[in-house]
Each structure stands twice: as structure tokens, then as C-alpha cells.
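Structural overview
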Amino acid sequence: PKERFKAAVKHNYDTRHEFLTRGNRCPNCVLVKPFCVCTQLADLAVAIDGYRVVVLMNQREQYRSSNTAKVIERVLGAKIFIDGLDEDWAKFESLLREYENRTFLLFPSEDSVEFSNLGSSSNNRFIGGRVLIVVVDGTWRQARKLNQRIPVTVPRVRITPTTLSKFLCRRQTRVDRVCTAEA
């Protein structure tokens, strides 16, 4: 079943990418070309000193026009890795090894630490040196599965919103949930 899943992901990736490049949609933001936001997002690009952001994306999210990880890619220079593509997973694992003790996963698990507490003495592993921030991207169910695939040695970090998300592309039903771009 695992090999069949990987083959299906690869097939979907290849055929959808080909469809987008021939069709009327931007292959990057997946919006209809007259509404493409890639240039505007590039104008907003910022560098975050001391941090590198990567996104581990569920394969079903890649070609959704409502997917917000593409905003992170354009604005923060994040690298997106597609779950199910062997070459992406290998590169992702390589980054985890490279950043070893300077990596955290932005995911609100039971054992996660509040983001605002990262600089405390008990979390001093993140002080000094560049830090890798891993963001999972998918529905909440997909994100939980992606979280399970990432080694437990990678600490989980959460943010705690105080109001419901006001992001227009995705609607959240609980205060403690935000879309990928908001996180």
C-alpha cells in the first residue's frame, strides 16, 4: 500500500503540474492567471534572520488555490516538501539532520511548548545558530498525520491565538486553530 500511495502521489504531481502549465492557471499560486498573486507576494518578501522555514505539505493541498503555504513560500522564502514524493522526503530528512538540535515543529500537540517561551532557559537549545521551523500543511486531520511522521525528537511548538481566524481563504471553527500562512 505504501508503494502504491507513493506512485499515486507522483502520478498526480506530474499530471497536475502538466495540466497547470498548459491551462489558464498559474503553476505557482494555482489561481486563474489574470488573478495570479505571485508578483505581489514577491514584493512582500522578507528575510527572517536566524530562521529557515520549511513546509511539509500533504500531497492533496499542493494544487488547491486556497492553499496558504504558497504565501509562506513567496513571502518568507520557505521551501515546500510534498509528503509522498520520495525525493522531497529525502531532502526534508536531510534538513532535519543538518539542523539536528535547532529544529522545531509548529504544531499544537499535547507536549508542545508555547512559542513565546522558546527563549526561556529550559528551551535554550534554540538560542544561537540558525533555527529550522517546520510547518505542516493540510487539513487538521492531514496535519496530525504529518505530525506523526516527523521524529518525536523534534520539539513541538504552538502559538495560542485569542480570537477566531479572520483569514478569508480558510475558515477555522476553533480559536486554537489557524491556517498555515497565519501560523
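Reading the values: rules and limits
Along each chain, residue indices are assigned from 1 in the same order as the chain's sequence is written. At least 70 in pLDDT is required for a residue's local features to be given in this predicted model, at least 80 for side-chain atom pairs to be given and counted, and no such filter applies to totals for whole chains, interfaces and linings, which use all residues. The side-chain values count all of the structure's non-hydrogen atoms but skip hydrogen atoms and water molecules. For two strands to count as paired, DSSP must find a minimum of two bridges between them. Secondary structure elements are taken from DSSP: a helix is a run of H or I of four residues or more, a strand is a run of E of two residues or more, and numbering for both begins at the N terminus. In this analysis, two residues are considered to be in contact whenever any of their non-hydrogen atoms come within 4.5 Å of each other. For helices, the axis comes from a line fit to the C-alpha atoms of the stretch in contact; other axes are also lines fit to C-alpha atoms, and the angle between any two N-to-C directions lies between 0 and 180 degrees. Using a 1.4 Å probe on the protein chains alone, a residue whose accessible area is under 20% of its type maximum counts as buried, one over 50% counts as exposed, and one in between counts as partly exposed. Patch definition: residues with relative accessible area over 30% and no salt bridge; like charges joined within 9 Å; nonpolar side chains (Val, Leu, Ile, Met, Phe, Trp, Tyr) joined within 5 Å. With residues, only the protein chains shown are counted as cover, and all accessible areas are computed by Shrake-Rupley using a 1.4 Å probe. Note on definitions: salt bridges are taken to be side-chain nitrogens of Lys or Arg within 4 Å of carboxyl oxygens of Asp or Glu. When charges are counted, Lys and Arg contribute as positive and Asp and Glu as negative, whereas His and the chain ends are disregarded. Charge positions are represented by NZ for Lys, CZ for Arg, CG for Asp and CD for Glu. Working definition: a ring pair exists when centres of Phe, Tyr or Trp rings (six-membered ring for Trp) sit within 6.5 Å. Plane angles under 30 degrees give stacked, over 60 give edge-to-face, the rest tilted. Think of it as a cone above the ring: NZ of Lys or CZ of Arg counts as a charge over the ring if it is within 6 Å of the ring centre and within 35 degrees of the ring normal. Here, the term nonpolar core denotes a set of buried Ala, Val, Leu, Ile, Met, Phe, Trp, Tyr and Cys residues that are joined through side-chain atoms within 4.5 Å. pLDDT measures how confident the predictor is about each residue, on a scale from 0 to 100. Here the expected length of a helix is defined as 1.5 Å per residue gap, with one fewer gap than residues. What the arc describes is the spread of directions from the helix axis to the C-beta atoms.

A few points about the sheet that holds strand β2 (residues 79-82)
Sheet strands associate in pairs through backbone hydrogen bonding, adopting either a parallel or an antiparallel arrangement. Pairing within the open sheet is parallel, and its six strands lie in the order β2-β1-β5-β3-β6-β4. Taken across any chain shown, the strands that pair with only one partner, and hence form the sheet edges, are β2 and β4 (113-114). Here two bridges tie β4 to strand β6 (residues 156-158), and the two strands are oriented parallel to one another. Its bridge partner being in β6, glutamate 114 is matched across the sheet by arginine 158. Against the sheet, helix α3 (residues 69-76) engages β1 (51-57), β2 and β5 (131-137), with an angle of about 155 degrees to β1.

Some thoughts on α3
All of the buried residues in α3 are Ala69, Lys70, Ile72 and Val75. Among the structural elements, α2 (38-43), β1, β2 and β5 are those in contact with the buried residues of α3. One or two steps after α3, the chain reaches glycine 77, where phi turns positive at roughly 70 degrees.

Regarding a positive patch on the surface
A grouping of Arg60, Arg141, Arg144 and Lys145 is seen on the molecular surface, where their side chains present a positively charged patch. For arginine 60, the location among the structural elements is in the loop between β1 and α3.

Things to note about the packing of aromatic side chains
The final tally for this structure, using the stated rule, is three aromatic pairs. With 5.3 Å between their ring centres and 40 degrees between their planes, tryptophan 89 and phenylalanine 92 make a pair best called tilted. Taken together, the positions of tryptophan 89 and phenylalanine 92, both in helix α4 (residues 86-99) and three residues apart, correspond to about one turn of that helix. An aromatic cluster of three or more residues is present, and its members are Phe81, Trp89 and Phe92. It is lysine 79 that lies over the ring of phenylalanine 81; its NZ or CZ is 5.3 Å from the centre. One residue, arginine 149, lies across the ring of tryptophan 89, its end atom 4.1 Å from the ring centre.

Remarks on unusual backbone geometry
Keep in mind that most residues, glycine aside, have a negative phi and that most peptide bonds are trans. In this structure, glutamate 100 takes a positive phi of about 25 degrees despite not being glycine. Within the secondary structure, glutamate 100 is located in the loop between α4 and β3 (103-106). The exposure class of glutamate 100 is exposed, given its relative accessible area of 56%.

Things to note about the pairing of β1
Taking burial as the measure, the seven residues of β1 include five buried ones, the bulk of the element. Pairing of β1 with β5, which is carried by seven bridges, proceeds in the parallel orientation. Its bridge partner being in β5, leucine 56 is matched across the sheet by valine 136.

Thoughts on the nonpolar core
Ranked by size, the top nonpolar core spans 17 residues in total, and within it Phe92, Val134 and Ile150 carry the most contacts. Elements with a contribution of two residues or more to this core: β1, α4, β5 and α5 (140-149). Counting residues per element, this core draws most heavily on α4, which supplies five residues. Excluding anything up to four places from it in sequence, phenylalanine 92 contacts Val54, Leu56, Phe81, Val134 and Ile150. By size, the runner-up hydrophobic cluster in this structure holds 16 residues, among which are Met57, Phe104, Leu106 and Val157.

Observations regarding the confidence of the model for the chain
Confidence in the prediction for the chain averages 78 pLDDT; 75% of positions are at 70 or higher. By mean pLDDT, α2 is the weakest element of the chain at 76, and α4 is the strongest at 93.

What about α4?
Spanning 14 residues, α4 covers 20 Å between terminal C-alpha atoms, matching the ideal 20 Å at 1.5 Å per step. Turning to α4, its buried residues are Asp88, Trp89, Phe92, Leu95, Leu96 and Tyr99. Down the axis of α4, the smallest arc covering the buried residues is 120 degrees, so these residues share one side. Opposite the buried face of α4, by more than 90 degrees, sit the exposed residues Arg97 and Glu98. Elements in contact with the buried residues of α4: β1, β2, β3, β5 and α5.

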